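Structural description and commentary
The residues making up each chain are set out below.
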Amino acid sequence: MSAPWDPDDLAAIAAADELRIASRRSDGTLSPPITIWSVALHGVVLVRSAYGADNGWYRRALRRGRGRISAGGVDHDAVFQPGDHFDQELVDAEYRRKYARFPDAVLRTVVGERAHELSLIVTPG
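I will try to describe carefully the structure that is included in this document. (Residues numbered from 1 in each chain as written. Predicted model: local features only at pLDDT ≥ 70, side-chain atom pairs only at ≥ 80, totals over all residues. Heavy atoms only, no water.)

**Details of the pairing of strand β7 (residues 119-124)**
The element β7 is largely enclosed, with a buried count of 6 among its 6 residues. With 4 bridges connecting them, strand β4 (residues 44-48) and β7 associate as antiparallel partners. Looking across to β7, one finds that L46 is bridged to I121. Pairing of strand β6 (residues 74-82) with β7, which is carried by 5 bridges, proceeds in the antiparallel orientation. Within β7, the residue paired with Q81 across the bridge is I121. (Buried < 20%, exposed > 50% of the residue type's maximum accessible area, 1.4 Å probe, protein only. Helix = DSSP H or I, 4+ residues; strand = E, 2+ residues; numbered from the N terminus. Pairing = 2+ DSSP bridges.)

The following block contains the structure:
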């Protein structure tokens, strides 16, 4: 894993409702960013693909491993790593806490067993 997040940056990212994520192509350019939900736990940011492993942004981030995120006024280069080894029940609980105001049908796209294998850890890069 790369260096830890600056505590102020992590707090700002954690407080933001949405995160924009883009992966870095081999030529150094960024793919178009997409907006997703994220949570922060134990000093890392975690994201999940709401629509499965075939979702384009997820496949690119997993394959390329690097990119850029923007959330809460923080713009930062980032490293993307599989997060399926992380305590997924804890991740589910944080998604449920943070996004409790949304309908359960929407929240279920990022929580539960199907979503567990689709977790990525986002660290500064």
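**A look at a negative patch on the surface**
Together, D84, D87, E89, E113 and E117 make up a region of like negative charge exposed at the surface. Position of D84 relative to the elements: it lies in the loop between β6 and α3 (88-98). Given a relative accessible area of 48%, D84 falls into the partly exposed group. (Patch = residues over 30% accessible without salt bridge, like charges linked within 9 Å, V, L, I, M, F, W, Y side chains within 5 Å. Areas by Shrake-Rupley, 256 points an atom, 1.4 Å probe, with all protein chains shown as cover. Salt bridge = Lys/Arg side-chain N within 4 Å of Asp/Glu carboxyl O. Lys, Arg positive; Asp, Glu negative; His and termini not counted. Charge placed at Lys NZ, Arg CZ, Asp CG, Glu CD.)

**A closer look at the nonpolar core**
Ranked by size, the top nonpolar core spans 21 residues in total, and within it L19 and I69 carry the most contacts. Broken down by secondary-structure element, the contributors of at least two residues to this core are α1 (7-15), β1 (19-23), β4, α2 (56-64), β5 (66-71), β6 and β7. Setting aside residues up to four positions removed in sequence, I69 forms contacts with W5, I13, L19, R20, I21, V74, D75, H76, A78, F80 and V122. L46, A50, Y99 and V111 belong to the second largest nonpolar core, which has 14 residues in total. (Core = buried A, V, L, I, M, F, W, Y, C linked by side-chain atoms within 4.5 Å. Contact = heavy atoms within 4.5 Å.)

**Quick word on the pattern of salt bridges**
For the structure on display, the rule yields 7 salt bridges. Residues R97 and E94 are paired through a salt bridge, measuring 2.6 Å at the closest nitrogen-oxygen approach. Taken together, the residues span about one helical turn, with R97 and E94 both in helix α3 at a distance of 3 residues. Taking the relative accessible area as the measure of exposure, R97 reaches 54% and is therefore exposed. Taking the relative accessible area as the measure of exposure, E94 reaches 15% and is therefore buried. Linking R108 and D104 is a salt bridge whose minimum nitrogen-to-oxygen distance equals 2.7 Å. Salt bridges sharing partners connect three or more residues here, namely R24, R68 and D77.

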